Amino acid sequence: MHTTKKDNTSQLQIGEWTIIPLENCLLKNDQKIVVIPKVMDLLLYFSKYANQVISIQQLSEALWPDEFVGDNAIYNLIGQLRKALGDNTAQPVYIETLSKKGYRLIADVIHPTSFNTTKEPLNENHEVKLKIKIKKWLVVVLLMLIITYLLSVTLPTSETKTKKLPLAQQHYSLGQFHLNRGQAHNIQKAISYFQLSLSIEPDYIDSMLELGFAYWQLSQVEGNSRSTYSNKAKELAKKMQKMAPTDANILALAYLTNSQEKRKLAPHEWLKEYDNDQLTHRTFIAFSMLYFDEGKIDAAIELQNRALHLCANCAYIYNALSTSQLIKGQLENAFSNFQLYLELDEGQVNNPLKEFGYSNLKLSKLKATIKWIEKNEIDHDALGPKQRNSLALFYLSMRQPQKAQQLMQTASKGQDDSFFTLYTLAALHGAQQDQQLSHAFFEKRATRYPDNKRFVLSVTYSWWIGGDPDKALDLLKRSNVLNDDLSVLQNSADIGLIQLYGALLLANAQYEDGHKILQALATRFELGLLASSEQAYMAYAQTLALLGKNHLALQEIETTLASGWVEDFNNNWWYLENDPFFKNLSGMPQFGDLVETHKNKISLLAE
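Remember, predicted model here, so these are calculated numbers, not experimental data.

Rules used throughout
Residues numbered from 1 in each chain as written. Predicted model: local features only at pLDDT ≥ 70, side-chain atom pairs only at ≥ 80, totals over all residues. Heavy atoms only, no water. Phe/Tyr/Trp six-rings, centres within 6.5 Å; stacked < 30°, edge-to-face > 60°. Helix = DSSP H or I, 4+ residues; strand = E, 2+ residues; numbered from the N terminus. Buried < 20%, exposed > 50% of the residue type's maximum accessible area, 1.4 Å probe, protein only. Salt bridge = Lys/Arg side-chain N within 4 Å of Asp/Glu carboxyl O. pLDDT = per-residue confidence, 0-100. Contact = heavy atoms within 4.5 Å. Core = buried A, V, L, I, M, F, W, Y, C linked by side-chain atoms within 4.5 Å. Pairing = 2+ DSSP bridges. Axes fitted to C-alpha atoms, helices over the stretch in contact; angles between N-to-C directions.

Enquirer: Go over the packing of aromatic side chains, please, and point to the residues and values.
Expert: Per the counting criterion, the structure on display carries 21 aromatic pairs. Relative to Trp-573, the ring of Tyr-461 lies with its centre 5.8 Å away and its plane at 80°, an arrangement referred to as edge-to-face. Here Trp-573 lies in the loop between α26 (550–562) and α27 (589–605) and Tyr-461 lies in helix α21 (residues 453–465), a separation of 112 residues in the sequence. The exposure class of Tyr-461 is buried, given its relative accessible area of 9%. With relative accessibility at 2%, the residue Trp-573 sits in the buried group.

Enquirer: I'd like a description of the pattern of salt bridges, backed by residues and values.
Expert: In total, this model carries six salt bridges according to the counting rule given. A salt bridge links Glu-210 to Arg-282; the shortest N-O distance between them is 2.6 Å. One end of the pair, Glu-210, is in helix α7 (residues 205–221); the other, Arg-282, is in helix α11 (residues 281–294), with 72 residues separating them in the sequence. Taken as a pair, Glu-210 and Arg-282 share a single burial class, namely buried. A salt bridge links Lys-599 to Glu-596; the nearest nitrogen and oxygen atoms lie 3.7 Å apart.

Enquirer: Account for the confidence of the model for the protein, with residues named and values stated.
Expert: On average, the protein scores 77 in pLDDT, and the residues at 70 or more come to 75%. Put simply, helix α4 (residues 122–154) is where the protein has its lowest mean pLDDT, 50, and helix α9 (residues 248–257) is where it has its highest, 91. Per-residue pLDDT stays below 50 along residues 126–130; that stretch engages in four contacts with residues further than four places along the chain or on separate chains. Here residues 486–492 is modelled with pLDDT under 50, and outside its nearest four sequence neighbours on either side it reaches 13 contacts, counting other chains as well.

Enquirer: How would you explain the nonpolar core if you had to name every residue and give the values?
Expert: Core analysis: the largest hydrophobic core is formed by 164 residues, its most contacted members being Phe-46, Phe-287, Leu-396, Ile-557 and Phe-582. Not counting the four nearest positions on each side in its chain, Phe-46 is found in contact with Ile-54, Leu-59, Ile-78, Leu-81, Ile-95, Tyr-103, Arg-104 and Leu-105.

Enquirer: Which residues make up the sheet that holds strand β7 (residues 109–110), and what values go with them?
Expert: In spatial order, the strands read β4-β3-β2-β1-β7; together these five strands make up an open sheet with antiparallel pairing. The sheet is open, and its two edges are formed by β4 (31–34) and β7, each paired on a single side. Across three bridges, the pairing between strand β2 (residues 17–20) and strand β3 (residues 25–28) is antiparallel. The partner of Ile-19 across the bridge, within β3, is Leu-26. Where helix α1 (residues 37–48) meets the sheet, it contacts β1 (12–14), β2, β3 and β7, and its direction lies at approximately 85° from that of β1.

Written as structure tokens, this is what we have:
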């Protein structure tokens, strides 16, 4: 089989979905789903061989014809495709799993005339492919014999170099293996292998480039030696620029090793000028880290997905992506990618997350995560800032603020003031009901990153919770983040923004305008026009409570808690009983009973 090429004019129908390959998107009614190119390649491949069983090996050969990838890369793509199609493994409508055999597209496929629908028999195609491979190898062997003969005649001194290169490549490959795992001790091992490779072949530029990125990557996780490793990467970048002055990845490394003040272009400007097909996953991840540190999480996720497209079995990419998704509140994707990271990392076994698969964050998933953390006896002192912050937020969701505070003690002394750390400290103090200190951290973050509207929005929430709704409303209006058109609501951040606006209008006695906005939002929930998840259902309950529909709000809270909802401290910084949207419910016995039941469920997780 060979990969189906995307036709510039083709559209096809698969079940209820209209597929537009050129735009990597799926359409159904008013719904538009955009997928990464590899997922579209997979879907097109399935469509070409609809109703035929396709093995994992065949998918791997078709989607990655020139490289070896593990089975996890296929599992990940299948999971993403099923999610995009709204399919599930228990009762599949699109992708059927056949145990120990492979997968089959079972939905109806309608091809346009411009789309090649010729179906090649699987066995015949393999025979043709085998013949082509044999011919290619014969050509390669013949060329190698000719080159060897010419070298032996014209360059007799190159015999030693010819013997050295395979050994240098072997060390280079081992270095790549460890670097792709991403942890500090893995990077140190990678550095040793790249250095061995260069001791054998000093001008082996591939090893040199990977060594440079390894040094730079280590400078991001080893705070005490940051400048040392950064300078080593900088020296290598200068050396390589003399060897290959136009190589985009070498230029990227040179850019990364410059201080922020010395960079002539902002990261997005550099990418706009130099982004091409030559950039590797290493470059994309490095720039995603720059975006991450600037608080531009959406841009970081975009680059991380591009990196994943280039290296689907690189554990460190899944780790970076899961961290970004965690901050954005994309908990399902974050947990799924973290699971794939653990599986690819090889050193971690018996991971309890495996048994839950691609499910929403619920009580059971939170319990599995905490148990896994405790089982693996994580050394808190060895955690990098991002891992430490993520773990602290998990502890807050577990209603264990004491553990979160212990983790954040070093950061609270002012040694780390990155945007993620400032948010985590603000969330920690918010959970502890210290609104004044929580507000101070939000103010500091917004001051440091004035162009980030999401950070400004946090300050708005903080003013409201702190008892100054007039100042909060004024800041919200001045921040230029409002859009009165509810038809453009796309995610939880948009929903939260409209909720906050309505709540602030009510708090400032603008009852008619506040009720109008909140009622329109509630109607969209009831019509099923907004996302359906535990977090969205709780947002609906919050909207009902703001409208004074307390009985309906309590019913919705009870249903949502029964489905396994937990507090998400990646987006909010309060517990259910302190939720500012539920002020109308405080003091009601039924609400108190729901809170106590919820707290008991959480407390049982740590037992």
